[in-house]
Amino acid sequence: MPQNNKPCHNCRRRRLRCDRSWPTCNKCTITGQECLGYGKVYVWTEGIDAHGKVKPSPGARRTAQGENHGVAGHRSLVLHSGPPHARDDTDTAMPAAPSNNQQQPGSHGAYFAPSQLTDPILQDLDRNSRAYLAHFANRVCQDLVARDGPGTNPFRELIPLTRKNPLLLNIIVATSALHWANSFSPNTPLSAGISDPGGYLAQLRSRDLVSRSAVIDALTAKQKAMGHLRGVLDTLDPAGSEVTLAAMHFFVKFDLIDLERGDAKSWKAHLAGASNVLALLTATKPRDSTSRKLRDCVVADCFIYHILGSTLATGPWAAQITHYAFELLPVLKRTEVNSYLSCPSEILQIILSASQLSYESPCTDWTLGVADEALKLIDEALEFDITAWAMQLQQAPNVTDIESRIHVASAHRSAVCLYILQAVPLARAVGVVNKHFLVDDILSHLAQISEQDPYFKASSWPTFIAGAETRDAEKRMWTLTRLLEIWKVCPWGYVFGAIEMLKATWQMQDTRPEDGDVHWLRGLKEMGFENLIV
């Protein structure tokens with residue numbers, strides 16, 4: 001549990017001894033007061049007059065760092081931090097959501113505190129929902145892009161849209177509540193020696209009252225969202241498909257964040273629904289540049305989930321999305337600069353082609369033509385110039401992290417080659433591809449990306465592929481430790497699904513001769529593993 005070294009704002013103001021309990025003071029709870037918490041206290045710099053119009057409050061000043069444009073640029077949501085003594089006891093602002101120790105260095109995202117004042121977006125919401133929306137704006141949105149900064153994260157544009165869309169509101173609240181539960185679960189160090197770290201954490205969380213309440217809030221909000229979803233899909237039209245797609249893709253994110261993974265395959269149903277909504281989007285155009293940026297990011301995420309999901313799942317996943325590839329690949333190109341994955345769209349297209357080839361040519365197909373196609377895809381991946389790709393990105397404003405992007409993209413490139421050898425086993429027998437070199441190449445590039453690097457969270461898929469291909473005990477331990485470190489930076493439950501599949505793969509390898517090839521991809525599918533690793 002987090003420790004507070006200062007009393008809450010209420011106790012400080014009243015000069016009382018505070019018990020400093022988390023997340024709110026018990027003394028405030030007993031006396032029936034709303035605890036203002038331990039973080040910064042925020043007050044509105046703008047109010048709403050009797051006619052419902054924005055009215056600047058007297059003496060409001062902009063911060064020394066420049067004008068704050070508020071949530072998604074809405075001036076009525078601008079917040080100003082100030083010392084507690086600057087506010088009287090009649091203020092009813094919500095306590096600041098707990099700050100996350102795992103906030104990514106270099107992030108410049110603004111902090112938004114939920115309020116009980118007259119903001120039209122928040123005024124009808126209950127206290128917990130406001131807190132979860134604040135956590136979404138402050139922390140969840142950081143995980144959805146490579147670098148979070150002013151004007152660079154379109155996912156915050158979803159917050160104003162929740163006012164008129166209960167489907168979007170409830171699934172965002174559900175996702176944020178589950179993320180909060182993962183972020184502030186009992187602070188217990190995880191070691192690689194724990195057989196089931198995900199189950200161990202879930203058990204600890206079930207004993208913690210605060211985390212358990214957040215999980216209940218998440219499940220309740222998701223259930224409400226499912227009810228709204230059925231009604232929306234029955235009357236879906238192109239005009240509303242944009243917001244519906246955003247909501248659908250947050251159902252997938254909920255599944256990825258879920259630590260307990262009750263239904264590890266539920267992401268497939270939600271992603272299938274998102275692909276159906278994608279068909280309607282082709283008939284509409286974004287209203288403005290901001291709307292297009294948000295739409296591009298949502299569409300790109302859905303496309304990436306389809307591509308990476310097709311690598312481990314059974315069924316025609318690649319074929320379902322391939323006929324949209326001509327329209328969706330330019331979207332990936334437009335979002336590459338701040339995509340959380342930092343993988344070139346050309347490499348993602350190769351993964352999609354390999355997945356489709358694997359589905360159309362099962363392991364019983366030993367024709368040389370299939371092997372030749374697979375080897376051509378490997379050559380195409382190896383010939384792709386990562387450095388030139390990164391230098392082209394540098395032409396965009398404020399892109400200075402070229403070295404990190406090169407390492408992440410290079411790791412994905414080698415991982416793609418290893419995946420192709422598993423997807424089309426005959427290619428390994430026909431062609432001469434040094435898998436040990438590819439594994440070492442992945443690990444050497446990933447080793448250059450520190451835990452403080454924003455692209456650290458983008459390394460889970462190549463880490464899994466490298467770990468699945470090696471029999472070396474030291475390299476296995478490195479990949480396992482790496483995944484646990486990713487969890488600390490980005491607390492999404494899919495990490496433990498990857499660890500579970502790695503251990504199943506190693507068990508397969510250890511029962512086979514040392515010099516024999518192990519088709520772990522086919523083995524995982526036969527065992528029913530269909531997890532999405534992003």
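Residues numbered from 1 in each chain as written. Predicted model: local features only at pLDDT ≥ 70, side-chain atom pairs only at ≥ 80, totals over all residues. Heavy atoms only, no water.

J.: Explain the overall build of the protein chain to me, please; I cannot follow it from the model alone.
T.: A tally of helices and strands in the protein chain yields 22 helices and four strands. Evaluated residue by residue, the protein chain yields a buried proportion of 55% over its 534 residues. Partitioning the contacts of the protein chain with sequence separation of at least 6, the portion at a separation of at least 24 is 73%. (Helix = DSSP H or I, 4+ residues; strand = E, 2+ residues; numbered from the N terminus. Buried < 20%, exposed > 50% of the residue type's maximum accessible area, 1.4 Å probe, protein only. Contact = heavy atoms within 4.5 Å.)

J.: Could you clarify how one ought to interpret the packing of helix H16 (residues 402-423) against helix H19 (residues 460-469) in this entry?
T.: Helices that pack against each other are described as a pair by the angle of their axes relative to one another and the distance between those axes. As a packed pair, H16 and H19 sit with axes 9 Å apart at the nearest point and diverge in direction by 45 degrees. Between H16 and H19, the crossing angle belongs to the class labelled oblique. Helix-helix and strand crossings are classified by hand; for H16 and H19 the assignment is left-handed. From H16, Ala411, His412, Ala415, Val416, Leu418, Tyr419 and Gln422 reach across to H19, where they touch Trp461, Pro462, Ile465 and Glu469. The residue inventory of the contact of H16 with H19, partitioned by class, reads eight nonpolar, two polar and one charged. (Axes fitted to C-alpha atoms, helices over the stretch in contact; angles between N-to-C directions. Parallel < 35°, antiparallel > 145°, perpendicular 65-115°, else oblique. Left-handed = near helix turned anticlockwise from the far one by under 90°. Nonpolar A, V, L, I, M, F, W, Y, C, P; charged D, E, K, R; others polar.)

J.: Looking at this structure, how should I read the UniProt feature "domain: Zn(2)-C6 fungal-type" (unreviewed entry) in the protein chain?
T.: In the numbering used here, UniProt assigns the feature "domain: Zn(2)-C6 fungal-type" (unreviewed entry) to residues 7-35. Summarising residues 7-35: 38% helix, 0% strand, and an end-to-end C-alpha distance of 11 Å. (UniProt positions renumbered as here; feature names shortened; annotations may be inferred.)

J.: Whenever I open this one, the side chain of aspartate 401 confuses me. Can you help?
T.: Mapped onto the fold, aspartate 401 is located in the loop between helix H15 (386-393) and H16. Aspartate 401 gets classed as buried once you look at its relative accessible area, which sits at 7%. Leaving out residues up to four positions away in the same chain, aspartate 401 has contacts with Arg147 and Tyr455.

J.: Could you clarify how one ought to interpret the layout of surface pockets in this entry?
T.: If a probe the size of a water molecule is rolled over the atoms, the empty space left behind becomes visible. Roughly 670 Å³ of volume is contained in the second largest pocket. If you go around the second largest pocket, you meet 31 residues; those closest to its centre are Arg147, Thr152, Lys293, Val337 and Asn338. Among the secondary structure elements, those contributing two or more residues to the lining of the second largest pocket are helix H10 (289-312) and helix H12 (325-335). The dominant element in the lining of the second largest pocket, judged by the number of residues it contributes, is H10, at eight residues. The residue makeup of the lining of the second largest pocket, split by class, is twelve nonpolar, ten polar and nine charged. (1 Å grid on protein atoms, 1.4 Å probe; cavity = no way out; pocket = protein on both sides within 12 Å on 5 of 7 lines; lining within 4 Å. Points joined across faces, edges and corners; volume = space filled by probe spheres on them.)

J.: Would you take a moment to explain unusual backbone geometry for this structure?
T.: In most cases, non-glycine residues show a negative phi, while peptide bonds are predominantly trans. Even without glycine at this site, serine 342 takes up a positive phi of about 50 degrees. With respect to the secondary-structure elements, serine 342 resides in the loop between H12 and helix H13 (345-360).

J.: How do you make sense of the packing of H16 against helix H18 (residues 435-447) when you look at a structure like this?
T.: Close contact between H16 and H18 brings their axes to 8 Å; oriented N to C, the two are set at 155 degrees. Considered as vectors, H16 and H18 are oriented roughly antiparallel to each other. Along this stretch, H16 crosses H18, giving a crossing that reads as left-handed. Contacts between H16 and H18 involve His407, Ser410, Ala411, Ser414, Ala415, Cys417 and Leu418 from the former and Lys435, Leu438, Val439, Asp441, Ile442, His445 and Leu446 from the latter. Partitioning the contact of H16 with H18 into residue classes produces eight nonpolar, four polar and two charged.

J.: It is not clear to me how the packing of aromatic side chains should be interpreted in this structure. Could you clarify?
T.: Each aromatic ring pair is characterised by the separation of its centres together with the angle its planes make. Inspection of the entire model under this criterion finds four aromatic pairs. Note that lysine 253 overlies the ring of phenylalanine 250, its terminal NZ or CZ placed 5.9 Å from the centroid. (Phe/Tyr/Trp six-rings, centres within 6.5 Å; stacked < 30°, edge-to-face > 60°. Lys NZ or Arg CZ within 6 Å of the ring centre and 35° of its normal.)

J.: Teacher, can you tell me more about the nonpolar core here?
T.: Nonpolar side chains in soluble globular proteins generally cluster together in the buried interior. With 143 residues, the main nonpolar core has Phe155, Trp461, Phe464 and Trp520 as its most contacted residues. Here this core gets 13 residues from one element, more than from any other, and that element is H16. Residues from two domains meet in this core; each of domain 2 (126-290) and domain 3 (333-533) gives at least three. The residues touching phenylalanine 155, leaving out its near neighbours within four places in the chain, are Phe136, Cys141, Leu144, Val145, His249, Phe250, Leu294, Cys297, Val298 and Asp301. One finds Cys11, Cys18, Trp22 and Cys35 within the second-largest nonpolar core, a separate group that totals eight residues. (Core = buried A, V, L, I, M, F, W, Y, C linked by side-chain atoms within 4.5 Å. Domains from an automatic or database assignment.)

J.: Would you explain the pattern of salt bridges in this entry?
T.: Close approach of charged atoms allows side chains with opposite charge to pair. Applying the stated criterion across every chain yields a total of 14 salt bridges. Between aspartate 440 and lysine 475 there is a salt bridge, with the nearest N and O atoms lying 2.5 Å from each other. Of this pair, aspartate 440 sits in helix H18 while lysine 475 sits in helix H20 (residues 473-489); the two residues are 35 residues apart in sequence, bridging distant segments of the chain. A salt bridge links arginine 476 to aspartate 510, with the shortest nitrogen-to-oxygen separation between them at 3.2 Å. Here arginine 476, found in helix H20, pairs with aspartate 510, found in helix H21 (residues 494-510); they are 34 residues apart in sequence, far enough to count as distant. Since its relative accessible area comes to 54%, aspartate 510 is described here as exposed. Through salt bridges with shared partners, one network takes in Arg147, Asp401 and Arg405. (Salt bridge = Lys/Arg side-chain N within 4 Å of Asp/Glu carboxyl O.)

J.: Teacher, can you tell me more about the side chain of serine 404 here?
T.: Its location among the elements puts serine 404 in helix H16. Judged by relative accessible area, which is 13%, serine 404 ranks as buried. Among residues more than four places away in sequence, those in contact with serine 404 are Ile449, Asp453 and Tyr455.

J.: Where do I start with the environment of threonine 387 in this structure?
T.: One can find threonine 387 in helix H15. Each C-alpha atom, one on threonine 387 and one on arginine 405, is 9.1 Å from the other, the two residues being 18 residues apart in sequence.

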